[in-house]
Amino acid sequence: MRKTLTAVLGALTISAASAALWAAPASASDVSQGSDYASHSYDGRYFEYCDYEADNHSVWVNYYTDASTAMKSSPTVNGAGNCNAMYPNGVLTNLRVVEDNPASSTNYYGSWHGYPVAGS
């Protein structure tokens with residue numbers, strides 16, 4: 001009985017670890033800041049971003065492409081459920097969601113996606 005239970009628990013642990021490894025690439029196309037998010041196409045030539053918080057804080061995306069080393073910013077969206085989409089010049093190499101913090105001199109910054117964007 002004890003050997004069977006140990007074998008079953010071991011199999012479950014291996015299955016859970018395998019499932020986590022398979023799930024990671026699928027979620028790599030999304031970045032977020034709170035409930036606000038951005039998602040990009042597999043080839044890195046398109047992204048959309050949405051403000052999903054009814055807090056009256058504007059949301060935009062900072063991004064880089066292979067066409068330039070300068071960071072660019074998308075136009076802002078504001079209001080729960082408002083979204084925008086962009087086809088930047090070049091292929092995305094990195095992006096993050098930024099949310100305005102009107103009560104401070106700094107904003108809320110989501111994590112950078114990480115290189116490479118295309119293919120993930």
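Before any of the text, the structure's been laid out above.
The following paragraphs examine the structure supplied in this document. Treat the numbers as computed from the prediction; the structure is a model and nothing was measured. (Residues numbered from 1 in each chain as written. Predicted model: local features only at pLDDT ≥ 70, side-chain atom pairs only at ≥ 80, totals over all residues. Heavy atoms only, no water.)

## Points about the sheet that holds strand β2 (residues 36-40)
Phase 1: Strand order across the open sheet formed by four strands is β1-β2-β3-β6, with antiparallel pairing between neighbours. Strands at the two margins of the open sheet, each flanked by one partner only, are β1 (30-33) and β6 (82-86). When strand polarity is set aside, the average angle formed by the axes of neighbouring strands in this sheet is 15 degrees.
Phase 2: Strand direction decides the pairing type here: β2 and strand β3 (residues 47-51), joined by four bridges, are antiparallel. By the bridge assignment, H40 is partnered in β3 with F47. (Pairing = 2+ DSSP bridges. Helix = DSSP H or I, 4+ residues; strand = E, 2+ residues; numbered from the N terminus. Axes fitted to C-alpha atoms, helices over the stretch in contact; angles between N-to-C directions.)

## Let's talk about the nonpolar core
Phase 1: Within the largest apolar cluster, 13 residues are counted, with the highest numbers of intra-cluster contacts made by A38, F47, Y49, V61, Y63 and L95.
Phase 2: For this core, the elements supplying multiple residues, two or more each, are β3, β4 (59-65) and β7 (92-99).
Phase 3: Dropping the residues within four chain positions of it, F47 is found in contact with S39, H40, V61, Y63, S74, N84, A85, M86, P88, L92 and L95. (Core = buried A, V, L, I, M, F, W, Y, C linked by side-chain atoms within 4.5 Å. Buried < 20%, exposed > 50% of the residue type's maximum accessible area, 1.4 Å probe, protein only. Contact = heavy atoms within 4.5 Å.)

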